[in-house]
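Observations on the three-dimensional arrangement
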Amino acid sequence: MHHLLPVLVAVPLLGATLLVAGGRRLPRVVAETVGCAFAAGTAGLAIVLLLNSSPPLTEWVGGWTPEGGESVGIVLVGDGPGLGMAALASLLTVAALAYSWHYFDEAPRRHAGSFPALMLLFQGGMCGFAVAGDLFNAFVFFELMSVVAYALTGHRVEEAKAVQGALSFGVLNSLGAYAVLMGIGLLYARTGELAMVKIGEGLDRHGGPDALTLAAFALVLTGLLVKAAAVPFHFWLPDAHAVAPTPVCMLLSGV
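Quick look at the structure, then.

Here is what the cut-offs are and how they apply
Residues numbered from 1 in each chain as written. Predicted model: local features only at pLDDT ≥ 70, side-chain atom pairs only at ≥ 80, totals over all residues. Heavy atoms only, no water. Helix = DSSP H or I, 4+ residues; strand = E, 2+ residues; numbered from the N terminus. Rg over C-alpha atoms; globule rule 2.2 N^0.38 Å. Buried < 20%, exposed > 50% of the residue type's maximum accessible area, 1.4 Å probe, protein only. Patch = residues over 30% accessible without salt bridge, like charges linked within 9 Å, V, L, I, M, F, W, Y side chains within 5 Å. Areas by Shrake-Rupley, 256 points an atom, 1.4 Å probe, with all protein chains shown as cover. Salt bridge = Lys/Arg side-chain N within 4 Å of Asp/Glu carboxyl O. Expected span 1.5 Å × (residues − 1). Phe/Tyr/Trp six-rings, centres within 6.5 Å; stacked < 30°, edge-to-face > 60°.

1. A few points about the overall build of the protein
Secondary structure assignment for the protein yields 10 helices and 2 strands. What you see in the protein, going N to C, is helices and strands ordered as α-α-β-β-α-α-α-α-α-α-α-α. Taking 2.2 N^0.38 as the reference for a compact globule, 255 residues should give roughly 18 Å; the C-alpha atoms of the protein span a radius of gyration of 19 Å, in line with that estimate. Projecting the C-alpha coordinates of the protein onto the three principal axes gives extents of approximately 60 × 40 × 25 Å. Taken over 255 residues, the protein has a buried fraction of 45%.

2. Observations regarding a nonpolar patch on the surface
Where nonpolar side chains cluster on the molecular surface, the patch consists of Leu167, Val171, Leu172, Leu175, Tyr178, Met182 and Phe235 and spans about 750 Å² of accessible area. Among the secondary structure elements, tyrosine 178 is positioned in helix α6 (residues 160-191).

3. Here's the deal with helix α4 (residues 114-131)
Taking 1.5 Å of rise per residue, 18 residues should cover 26 Å, and α4 covers 26 Å from first to last C-alpha, within 8% of that figure. Counting buried positions along α4 gives 16 out of 18 residues, so the element sits mostly inside the fold.

4. Examining the packing of aromatic side chains
Going through the model one piece at a time under the given rule, you end up with 4 aromatic pairs. Between phenylalanine 129 and phenylalanine 142, the ring centres sit 4.6 Å apart and the planes meet at 55 degrees, which makes this aromatic pair tilted. Pair noted here: phenylalanine 129 is in helix α4 and phenylalanine 142 is in helix α5 (residues 135-153), with a separation of 13 residues, a long-range link. On the basis of relative accessibility, which here comes to 21%, the residue phenylalanine 129 falls in the partly exposed class. Look at phenylalanine 169 and tryptophan 236: their rings are 4.4 Å apart centre to centre, the planes differ by 10 degrees, and that puts the pair in the stacked class. Of this pair, phenylalanine 169 sits in helix α6 while tryptophan 236 sits in helix α9 (residues 236-243), and the two are 67 residues apart along the sequence. Tryptophan 236 carries the same exposure label as phenylalanine 169, and that label is buried.

Here it is in structure tokens:
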């Protein structure tokens, strides 16, 4: 089953690619049906993997397995919490796509595939974040999801308020992303590792937390709290929810 972990990310990304390429020529009902099908397929796969996640699944993407305990490959780890998060995000994406069928009066900007494609990219980024086994790729997947969230928030680009809310969302969350990236850099400087298990082992060998480790912890935590809109880092949330389409608000609130 561990070989299916990359598929969990690849399926929604493939669906988004197809919708971007052909969505302008597809009828709206076909584009939205395709989006729902890919999202539901990913949700079903996440649930199947979740039911088979004991012991945790591990997959080294591209076959870049460790040699001598070291590796530069991308590792995906499918355990209960991670796959549970992926399944939750996927089910919320399916629900949001189903709700959007009757939410928009017409296909946004005459491209029937644009909205479901963005929703699938959001789902793919969130699934990747949930199963990433190293900090840097978790950051990359989280940023993919975040960039798509900015675009979804300002989807009504013809309205000035929507653009303003998306811009506020994007600027503040980008500051949070810089904090996370700096924290990851400090942890890499301390341990020479990016894999979460390896970072933990490196910190254990180093002994008690020092100023560098505490600074890294504070930076990573602050960045994640900004993205989660936790008090007192919630300033972007009212602007974003005031202008985002309702299906997008469902995702921002639930995920």
